Amino acid sequence: AAGVIQSPRHLIKEKRETATLKCYPIPRHDTVYWYQQGPGQDPQFLISFYEKMQSDKGSIPDRFSAQQFSDYHSELNMSSLELGDSALYFCASSLGANSGANVLTFGAGSRLTVL
Amino acid sequence: AQTVTQSQPEMSVQEAETVTLSCTYDTSESDYYLFWYKQPPSRQMILVIRQEAYKQQNATENRFSVNFQKAAKSFSLKISDSQLGDAAMYFCAYGSGNTGKLIFGQGTTLQVKP
């Protein structure tokens, strides 16, 4: 079965650079969530999209932005990178309009290292 | 605000034995879900079990079951017949209503000894 695809899996950037992470949800899933997991930390919710509209927002820095496209894939853009942005970034998808909306399937994550 | 607390940073269990991981939460909401996620060394987040707050019956998934005590705001995970593949970090999580915006606990690292 198709899973949630995230790319790139690993990314190394310098401080003040920009990074873009991509997420391809499970086919027919219309909702995408982004989470950030720092070293030794629990995942923190960043932002979510349902049917290409932002549906909820968490502890996402103003330097970060995200969107969901017409094919339901999503991109997380991070600018002016800081050392503290080094983390594992998860994307998860679900079917947003039914009782299983909170049954999330997570991708394998994108590991961002900021030097 | 809702909070999730896992007070056991590390637990260990002998293979084939049973282990229980603890989780408490705080909320004033009536419509919510509780989850246990497994994060093995690969770092993939895997849903283990899901409990709807309005259901009194405890959820079970094969060797995994929960003890949901709503009044005490407790949600523990029992793993029976532990296997080496169960070794992982386990996160308890809370979700308001039917949303995937989850609040995670600090995690419990489970070691399974052969």
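As shown above, the structure is provided for reference.
Residues numbered from 1 in each chain as written. Chains lettered and ligands numbered in written order. Predicted model: local features only at pLDDT ≥ 70, side-chain atom pairs only at ≥ 80, totals over all residues. Heavy atoms only, no water.

A few points about the pattern of salt bridges
Residue and element names in this part refer to chain A.
- Under the counting rule described, the total for this entry stands at eight salt bridges over all chains.
- For the salt bridge of glutamate 51 with lysine 52, the shortest nitrogen-to-oxygen distance reads 4.0 Å.
- On the basis of relative accessibility, which here comes to 31%, the residue glutamate 51 falls in the partly exposed class.
- The exposure class of lysine 52 is partly exposed, given its relative accessible area of 34%.
- Residue arginine 63 pairs with glutamate 82 through a salt bridge whose shortest N-O separation is 3.4 Å. Pair noted here: arginine 63 is in the loop between β6 (53–57) and β7 (64–68) and glutamate 82 is in the loop between β8 (74–78) and β9 (87–94), with a separation of 19 residues, a long-range link.
- Residue classification places glutamate 82 among the partly exposed residues on the basis of a relative accessible area of 41%.
- A network of salt bridges, in which partner residues are shared, links Arg63, Glu82 and Asp85. (Salt bridge = Lys/Arg side-chain N within 4 Å of Asp/Glu carboxyl O. Buried < 20%, exposed > 50% of the residue type's maximum accessible area, 1.4 Å probe, protein only. Helix = DSSP H or I, 4+ residues; strand = E, 2+ residues; numbered from the N terminus.)

Here we look at the state of the cysteines
- Per the stated rule, a full pass over the model turns up two disulfides over all chains.
- There is a disulfide in this structure between A:Cys23 and A:Cys91, and the S-S distance comes to 1.7 Å. Residues A:Cys23 and A:Cys91 are joined through a disulfide that is left-handed, its torsion about the S-S bond being -55°. Here A:Cys91 lies in strand β9 and A:Cys23 lies in strand β3 (residues 19–24), a separation of 68 residues in the sequence. Pair check on accessibility: A:Cys23 and A:Cys91 agree, each one buried.
- The disulfide partner of B:Cys23 is B:Cys92, and the S-S distance across this bridge is 2.0 Å. Between B:Cys23 and B:Cys92, the S-S dihedral sits near -70°, and the bridge is therefore left-handed. Within this pair, whereas B:Cys23 is found in the loop between β3 (19–21) and β4 (24–26), its partner B:Cys92 is found in strand β10 (residues 88–96), the two being separated by 69 residues in sequence. Each member of the pair, B:Cys23 together with B:Cys92, is buried. (Disulfide = S-S within 2.5 Å.)

Remarks on the interface of chain B and chain A
- Listed per partner, the contact involves 19 residues of chain B and 22 residues of chain A.
- There are one salt bridge connecting chain B and chain A.
- Linking chain B with chain A are nine residue pairs in polar contact (both at pLDDT 80 or more).
- If you list the elements that add at least two residues to the side of chain B that touches chain A, you get β5 (32–39), β6 (46–52) and β11 (102–104) of chain B.
- Of the residues assigned to the side of chain B that touches chain A, the class counts are eight nonpolar, eight polar and three charged. (Contact = heavy atoms within 4.5 Å. Polar contact = N/O pair within 3.5 Å; in protein donor to acceptor, adjacent residues only side chain to side chain. Nonpolar A, V, L, I, M, F, W, Y, C, P; charged D, E, K, R; others polar.)

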